[in-house]
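Results of the structural survey
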Amino acid sequence: MYKIHECDFLPKDGVSIVFSDSIINSDEAVWNLIIEREAIDEDLEDNHNLENVGDTIWQTVLEIYNCPFCSQTLSSDRVKNAAGNFAHINLSSWNSKRL
Ligand SMILES: [Zn+2]
């Protein structure tokens, strides 16, 4: 299960909103705000573990119910104090780490 929230109000780069059950460990698919930093040329010079421009260096994921940019409701089955699971994944070294 994988869906993308198409949104005119998203920041240009590095932020996306995705419905999936495999980003944050969750029994059910949830909407996730993903903030990520992609490698540019200088990053490849500094870090030999990165191979290509556009490789993800790190990613932070937060479970959400609404789009914070256009306010659209993404999930109508809200449960009090249930959303808000988050993860930070560092992919900048050969052994990527979920922190
Ligand atoms: Zn939106």
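Presented here is an overview of the structure given in this document. Note that this is a predicted model, so its numbers are computed, not measured.

With distances of 2.1 to 2.3 Å, the protein atoms coordinating the zinc ion are H5 (NE2), C7 (SG), C67 (SG) and C70 (SG). Coordination at the zinc ion is tetrahedral, judged from the four donor atoms that bind it and the angles of 103 to 115° they form at the metal. On the basis of relative accessible area, C70 is assigned to the partly exposed category, the value being 27%.

Moving on, we get to the nonpolar core. Within the largest apolar cluster, nine residues are counted, these being C7, V15, I17, F19, W31, L33, I64, C67 and L74. Elements that contribute at least two residues to this core include exactly β2 (15-20) and β3 (30-38). When residues in this core are grouped by element, the largest group, three residues, is from β2. Ignoring any residue separated from it by four or fewer positions in sequence, one finds V15 in contact with L10, L33, I34 and F69. V18, I23, I24 and I34 belong to the second-largest nonpolar core, a separate cluster that totals five residues.

Next up on the list: the side chain of E63. Tracing the chain through its elements places E63 in strand β4 (residues 56-64). Residue class for E63 comes out buried when judged on its relative accessible area of 9%. Here N85 takes part through its side chain, which lies 2.8 Å from a polar atom of the side chain of E63. Excluding residues that lie within four positions of it along the chain, E63 makes contacts with I24, V30, W31, N32, A82, A83, G84 and N85.

Thresholds, definitions, all that
- Residues numbered from 1 in each chain as written.
- Predicted model: local features only at pLDDT ≥ 70, side-chain atom pairs only at ≥ 80, totals over all residues.
- Heavy atoms only, no water.
- Donors = N, O, S within 2.8 Å, 3.2 Å for Na, K, Ca; no water.
- Tetrahedral: all angles 85-135°; square planar, octahedral: opposite > 155°, others 65-115°.
- Buried < 20%, exposed > 50% of the residue type's maximum accessible area, 1.4 Å probe, protein only.
- Core = buried A, V, L, I, M, F, W, Y, C linked by side-chain atoms within 4.5 Å.
- Helix = DSSP H or I, 4+ residues; strand = E, 2+ residues; numbered from the N terminus.
- Contact = heavy atoms within 4.5 Å.
- Polar contact = N/O pair within 3.5 Å; in protein donor to acceptor, adjacent residues only side chain to side chain.

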